[in-house]
Amino acid sequence: MRGSILVCIKNGLSSNLACAFLVSLTNSISIDLATQNQMGNTFLRLALFIICHFSLAASDILTDQSALLALKDNVIQDPQNVLTTNWSISFPVCNWFGVSCGSKHRRVTALNLTGLELVGTLPPDLGNLSFLSLLYITNNRFYGRLPVELSNLQRLEHINFGNNSFSGEIPSWLGSLTELRELGFYYNNFDGLIPFSLGSLPKLEILNLFENQLSGPIPSSIFNISSLQMIYLGRNMLHGSIPSIPHDLLSLESIYFTYNNLTGHIPNDMFDRVPNLKELFLSGNMLSGTIPDNLFKCKELQSLSLSLNELEGSLPVEIGNLNMLQFLSIGGNHFEGTIPEQIGNLKNLEFLALGDNHLVGPIPPSIFNISTLSSVSFESNQLSGSLSLNTRLQLPNLERLYLGNNQLVGPFPMTISNASQLTLLDISLNYFSGSIPDSLGNLRNLERLNLNVNNLTSSRMSFLSSLTNCRELEILDFSDNLLISGKLSGFIGNLSDSLQQFSASSCNIKGTIPSEFGNLSRLIGIKLDDNELTGMIPTTIGGLKELQSLSLGDNKLEGPIPSQLCHLNKLGFLNLTNNKLSGPIPACLGNVVSLRQLLLGSNMFSSSIPSTLTGLGDLLILNLSSNSLIGPLPIDIGKWKVVTSMDFSNNQFSGEIPNGVVDLSDLTYFSLSNNRITGSIPDSFGDLLSLEYLDLSINILSGEIPKSLEKLGFLKYFNVSFNRLQGEIPDGGPFGNYSIESFKGNGALCGAARLRVPSCKTKPQRNSKARTKLIAYVAVPIVSTILVVALIIIIFRSRMKKQTQEGRKKPTDEMFSEEMSLRSLVKETLPSMLNQVGDADLLSTTGRKQLVANKCALSVLQVALECSVEMPNERPDMKKVVTKLEKIKVNLLSDIETV
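Every residue gets a number counted from 1 within its own chain, in the order that chain's sequence is written. Thresholds applied to this predicted model are a pLDDT of at least 70 for local features of residues and 80 or more for the giving and counting of side-chain atom pairs; totals over whole chains, interfaces and linings are not thresholded and use all residues. The basis for every side-chain value is the complete set of heavy atoms in the structure, and neither hydrogens nor water enter the calculation.

*Asks:* What is the right way to read the overall build of the protein chain from this model?
*Replies:* Only DSSP runs of H or I with at least four residues qualify as helices, and only runs of E with at least two residues qualify as strands; both kinds are numbered from the N terminus onward. Each helix and strand counted, the protein chain has nine helices and 54 strands in total. Counting only residues that meet the buried cut, the protein chain has 47% of its 899 residues in that class. Expressed as a percentage of contacts within the protein chain between residues at least 6 apart in sequence, the contacts between residues at least 24 apart total 53%. With the model as given, the accessible surface of the protein chain reaches about 41,700 Å², and the carbon-plus-sulfur share is 52%. Exposure classes here rest on a 1.4 Å probe applied to the protein chains alone. A residue is buried below 20% of its type maximum, exposed above 50%, and partly exposed in between. The contact definition used throughout considers only heavy atoms, calling two residues in contact when any of these lie within 4.5 Å. To be clear on the numbers: accessible area is Shrake-Rupley with a 1.4 Å probe, and residue cover counts the displayed protein chains and nothing else.

*Asks:* Quick question: what am I supposed to make of the packing of aromatic side chains here?
*Replies:* How two aromatic rings sit relative to each other is set out by the distance from centre to centre and by the angle between their planes. In this analysis, rings of Phe, Tyr and Trp, with Trp reduced to its six-membered ring, are considered paired at centre separations within 6.5 Å, and the interplanar angle assigns stacked below 30 degrees, edge-to-face beyond 60, and tilted for intermediate values. In the structure shown here, the tally under the stated rule is 25 aromatic pairs. Here Tyr-186 and Tyr-187 contribute two aromatic rings whose centre-to-centre distance is 5.8 Å and whose plane-to-plane angle is 80°, an arrangement assigned as edge-to-face. Accessibility expressed as a relative area gives 19% for Tyr-186, which makes it buried. What makes Tyr-187 partly exposed here is its relative accessible area of 38%. When the ring of Phe-478 is compared with that of Phe-502, the centres are 5.9 Å apart and the planes differ by 90°; the resulting orientation is edge-to-face. Here Phe-502 lies in strand S34 (residues 501-503) and Phe-478 lies in the loop between strand S33 (475-477) and S34, a separation of 24 residues in the sequence.

*Asks:* What am I meant to see in the pairing of strand S10 (residues 189-192) here?
*Replies:* Regular strands place side chains that alternate from one sheet face to the opposite one. Side chains Phe-190 and Gly-192 of S10 all project onto a buried face; the interleaved residues Asn-189 and Asp-191 project onto a face where none is buried. Note: two strands are recorded as paired if DSSP finds a minimum of 2 bridges between them. The sheet contact formed by strand S8 (residues 165-169) and S10 spans three bridges and is parallel. For Gly-168, the partnering residue across the bridge sits in S10 and is Phe-190. Relative to strand S12 (residues 213-216), S10 runs parallel, the two sharing two bridges. Paired with Asp-191 across the bridge in S12 is Gln-213.

*Asks:* I tried to follow the side chain of Asp-695 on my own but got confused; where do I start?
*Replies:* Counting through the fold element by element, Asp-695 comes out in strand S50 (residues 693-695). Charge counting treats Lys and Arg as positive and Asp and Glu as negative, with His and both chain ends excluded. Only one rule defines a salt bridge in this text: a Lys or Arg side-chain nitrogen within 4 Å of an Asp or Glu carboxyl oxygen. Within the buried set, Asp-695 has no salt-bridge partner at all; the shortest N-O distance to an opposite charge, 12 Å, is to Lys-744. Not counting chain neighbours up to four residues away, the residues in contact with Asp-695 comprise Phe-670, Ser-671, Leu-672, Ser-673, Tyr-717 and Asn-719.

*Asks:* Would you take a moment to explain the sheet that holds strand S18 (residues 288-289) for this structure?
*Replies:* Strands belonging to one sheet form pairs held by backbone hydrogen bonds; the direction of such a pair is parallel or antiparallel. The parallel open sheet is built from eight strands, whose spatial order is S18-S20-S22-S24-S26-S28-S30-S32. At either end of the open sheet lies a strand with only one pairing partner, and these are S18 and strand S32 (455-457).

*Asks:* I tried to follow unusual backbone geometry on my own but got confused; where do I start?
*Replies:* If a residue is not glycine, its phi is most likely negative; likewise, a peptide bond is most likely trans. Positive phi values are uncommon outside glycine, yet Ser-485 reaches one of about 50°. Here Ser-485 lies in the loop between S33 and S34. Given the relative accessible area of 28%, Ser-485 is considered partly exposed. Phi is positive for Asn-674, close to 60°, though the residue is something other than glycine. Along the chain, Asn-674 falls in the loop between strand S48 (669-671) and strand S49 (676-678). Residue Asn-674 is classed as partly exposed on the basis of its relative accessible area, which comes to 31%.

*Asks:* Before we go on, may I ask you to explain the state of the cysteines in this structure?
*Replies:* As used in these notes, a disulfide is a covalent bond between sulfur atoms, one from each of two cysteines. Sulfur atoms of two cysteines make up a disulfide when they are within 2.5 Å. This model, assessed by the stated rule, comprises three disulfides. Through a disulfide, Cys-94 is tied to Cys-101; the S-S separation comes to 2.0 Å. Between Cys-94 and Cys-101 the sulfur-sulfur dihedral comes to about -100°; the bridge is accordingly left-handed. When its relative accessible area of 17% is taken as the criterion, Cys-101 is described as buried. The disulfide bridge from Cys-750 ends at Cys-760, spanning 1.8 Å between sulfur atoms. Sign of the S-S torsion, about 105° for the bond between Cys-750 and Cys-760, identifies this disulfide as right-handed. Of this pair, Cys-750 sits in strand S54 (residues 748-750) while Cys-760 sits in the loop between S54 and helix H6 (768-805), and the two are 10 residues apart along the sequence. Since its relative accessible area comes to 13%, Cys-750 is described here as buried. Judged by its relative accessible area of 32%, Cys-760 is partly exposed.

*Asks:* Would you mind going over the environment of Tyr-187 with me for this structure?
*Replies:* If you trace the backbone, Tyr-187 turns up in the loop between strand S9 (182-184) and S10. The spatial distance from the C-alpha of Tyr-187 to the C-alpha of Asn-139 is 9.3 Å, given a sequence separation of 48 residues. Sequence-distant contacts of Tyr-187, defined by excluding residues within four places in its chain, comprise Asn-163, Asn-164, Phe-210, Glu-211 and Asn-212.

*Asks:* For this particular structure, what's the right way to read the pattern of salt bridges?
*Replies:* Side-chain pairs of opposite charge can arise where the charged atoms are in close proximity. Summed over the entire model, instances satisfying the criterion amount to 15 salt bridges. One salt bridge in this structure joins Asp-272 and Lys-297, with 3.0 Å as the shortest N-O distance. Taken together, the residues span a long stretch of sequence, with Asp-272 in the loop between strand S16 (261-262) and strand S17 (279-281) and Lys-297 in the loop between S18 and strand S19 (303-305) at a distance of 25 residues. Among the ionic pairs, Lys-556 bridges to Glu-532, the shortest N-O distance being 3.1 Å. Taken as a pair, Lys-556 in the loop between strand S38 (549-551) and strand S39 (558-559) and Glu-532 in strand S37 (residues 532-533) lie far apart in primary sequence, 24 residues in all. Taking the relative accessible area as the measure of exposure, Glu-532 reaches 29% and is therefore partly exposed.

*Asks:* What is the right way to read the UniProt feature "domain: Leucine-rich repeat-containing N-terminal plant-type" (unreviewed entry) in the protein chain from this model?
*Replies:* UniProt positions are given in the numbering used here, feature names are shortened, and annotations may be inferred rather than shown by experiment. As annotated in UniProt, the feature "domain: Leucine-rich repeat-containing N-terminal plant-type" (unreviewed entry) corresponds to residues 63-101 in the numbering used here. Structurally, residues 63-101 is divided into 44% helix and 15% strand, and its ends, taken at the C-alpha atoms, are 13 Å apart.

*Asks:* It is not clear to me how the environment of Ser-420 should be interpreted in this structure. Could you clarify?
*Replies:* By the element assignment, Ser-420 lies in the loop between strand S28 (407-411) and strand S29 (424-426). Note on Ser-420: relative accessible area 36%, which makes it partly exposed. In this structure the C-alpha to C-alpha distance between Ser-420 and Asn-397, which are 23 residues apart in sequence, comes to 8.0 Å.

*Asks:* What's the story with the sheet that holds strand S45 (residues 630-631) in this structure? I'm lost.
*Replies:* In space, the three strands of this open sheet follow the order S45-S47-S49, with parallel pairing throughout. What marks the edges here is a single partner per strand, and that holds for S45 and S49. Where S45 meets strand S47 (residues 652-656), two bridges bridge the pair, whose relative direction is parallel. The residue bridging Ile-630 from the neighbouring strand is Gln-652, located in S47.

*Asks:* Looking at this structure, I do not really get the confidence of the model for the protein chain. What am I missing?
*Replies:* Each residue gets a pLDDT score, which is the predictor's confidence in that residue and runs from 0 to 100. Model confidence for the protein chain is summarised by a mean pLDDT of 85, while 78% of its residues fall at 70 or above. Long-range and interchain partners of residues 763-774, a stretch whose pLDDT sits below 50, account for nine contacts in this model, where long-range means more than four residues apart. Below a pLDDT of 50 lies the segment residues 800-844, which in the model reaches 42 contacts outside its immediate sequence neighbourhood of four places, other chains included.

*Asks:* Could you clarify how one ought to interpret the pairing of strand S24 (residues 358-361) in this entry?
*Replies:* Examined bridge by bridge, strand S22 (residues 334-337) and S24 share two bridges and lie parallel to one another. Note on S24: the bridge partner recorded for Gly-337 is Leu-359. Relative to strand S26 (residues 382-386), S24 runs parallel, the two sharing two bridges. What sits directly across from Val-360, in S26, is Gln-382.

*Asks:* In this structure, what is going on with the nonpolar core? I would like to understand it.
*Replies:* Side-chain atoms within 4.5 Å are what join buried Ala, Val, Leu, Ile, Met, Phe, Trp, Tyr and Cys residues into a set we call a nonpolar core. Membership of the largest hydrophobic core comes to 211 residues, with the highest contact counts inside it found for Phe-378, Phe-478, Phe-502, Trp-640 and Phe-648. Elements with a contribution of two residues or more to this core: helix H3 (38-74), helix H4 (82-86), strand S2 (99-101), strand S3 (108-112) and helix H5 (462-466). Ranked by residue count, the leading element in this core is H3, at four residues. If we skip the residues at most four places from it in the chain, Phe-378 touches Ile-339, Leu-352, Leu-354, Gly-355, Ile-363, Ile-367, Phe-368, Leu-383, Tyr-402, Leu-403 and Asn-406. Listed in part, the five residues of the second largest apolar core include Tyr-186, Tyr-232, Tyr-256 and Phe-281.

*Asks:* Explain the side chain of Asn-160 to me, please; I cannot follow it from the model alone.
*Replies:* Looking at the element boundaries, Asn-160 is found in strand S7 (residues 158-160). Owing to a relative accessible area of 7%, Asn-160 belongs among the buried residues under this scheme. Within 3.5 Å is the distance limit for a polar contact, defined as a pair of N or O atoms, with the added protein rule that one can donate a hydrogen and the other accept it, and that residues adjacent in sequence qualify only through two side-chain atoms. One polar contact links Asn-160 to Glu-182, side chain to side chain, over a distance of 3.4 Å. Those residues in contact with Asn-160 that lie beyond four places of it in its chain are Leu-135, Tyr-136, Ile-137, Thr-138, Glu-182, Gly-184 and Tyr-186.

Right, dumping it as structure tokens:
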């Protein structure tokens, strides 16, 4: 019997059954050996107990090991090779990376794999880690749904799966993990409702479901958890109202419901239940009503954010009683009235944002006495008055000051120069006046300076020289200060190496553009439009490899476009409109494939459009209007597939409209006005369903207006005036909104009476022979008459020429009298043709045919007489002559159909 025991000890025991057998065996031995030494018997029992204990422990740790190895197998990417090299059966499980074991049972109690960039799924085997109390796998890329076997982890206190890619609904079985204190599922892709069962977690302290795709209402059961300290539900799609709090939550310190779709009023009684609340973030919802009075009972409140809602009313003066407040953001609402002076009592305040409301009146000076302030925002209100600041004010911690888009007046606030930590200053869109102080150069940390749209001045723009001390400056904008004037000097090149945006439009700046701009290698945008700049565009700008926007429009710049601009591989916006630039458009611009907007209108560019420009496949807006460009439009115009606006008006383009236009499905604006375009309007224009503006006026287009254009439901402006169009004007779709102005100057158009064009009469059915005879009958006398008049004019001209050659030219008055006699003879003789048919004959077909012929002949001859006057300056314009003849033609065809 003893030998059997030794064999068991030697081979190890791996089951409860084996241990039970040994215990039973030991009891039997104890009975049989009752007469033997009692101490030996006790020792045997102890040895067997130890063997069983460690055998059971070995079995459980193997279970934990198996669960962890299953997790390792489910990881498909381990970029840091942590699991690959460390999780091996060659090492004890409790020594594996991220694994902690209990000192008593030697079971896995904690698994922390935070930040290893692991990719994979969670296996069901993790549910076998029965002693697990902490499970952290944050900041990885695990995905898929949570296995239901995790519900077996009844000892779990902390679970954090934040910043992964888990999906599906948050499982309701989480409500059975009654030991849970922390639940973190933030930054994942969970959707569906928040389980009501989470309210059954009696020990939960932290609930973090921030930034998922959760929907539905906030479960009221959550506020039944008396141990709750922090609740983060922001950046989801939750809707409905904020639930009331049924009883005191003395531990609750933080509520984050930001950026959802919550509606209704903020519950007034909720603040009676949370006396220790420190953080309340409700911004980015659709909450309405006023700020509840009970809010100010939360004396521990440190952060209050109600911005970007639909709140209204005035700002309560009681807000000044929240002495612990450090963060106050209520911008983007509909608050009215003045800013309470009591805000100046908040001596711990660091962040103040009241912008984008309807606040009026002055800014209380006491606010700037708060020495802890680092960021102040009052922009986009209706604040007025001057900014009266104590000249000794230091503002030692102020970093950002937003005052833009108000009605503030008075001189530039000089005290701001004392704010040595200032990184951003925005006073734009106000009525500040006076000189821009040179002391701005004291702001050595300044990164953004926005002074645009004020009444500021500067003597020779000396403030720019002082700003060379601001070596962190990234954005400088003093546009739309018409009183600045002066010239840009070479010290521009000494500004900060970090400068990205330079904006000085509408400042009456004169002189040339300094070539030193080329020193500012990090510039992304230059805006100098609407000034008085002269000279040529500096070639050095072509060296600004980071430049994305160049706007020099509305100046007096001359010369060609420098080819160096073609080296700007990141340029997306180029505006050179309304200058005096000349020469051809550089073909190399077609290599700047980053261009989205190319605006070259109102210059003196000549030659044709370079074929390379169609290589700009991402071009959105193209303006070449009002130049002297010639030739046809690009045959491969369809390559501009995403273009939305094209303006070719007021040039000398010729040829037909390319068929490729039909490929421009996003086109909304298209103008070819005042060119020499021929051919017909493509029927495929009806497929440009996004078109809103179409101007084809003052060209030589012929044919009919396509009825397919009736499909263009967004077409607000349409103009085909002064072409050679004919036929019926469409009356469907948007054409019911157009007036005669859209069609005038086309003598052969017909349509609705409101357009003041001839009506399009119904054409009776005729056989082709009858129609041919009728036309021949009418045409013969017309042609004969025209030939007679032509012969008379030729004979008369010949006589005049002969008399001149023979030196027997008559005096001018006599010649004029003779010509007038001839003209009178023709005028008096031709109308008699209309009377050759008696009244009775008008009822006959023959009489009507003769009348049509005579009427047409008379009209043609009248035009001929107008064109045959001696003095060229008295002859009618040929465009008017063509219009008259087109009208005669339309009337003739109409009369023929009615005979």
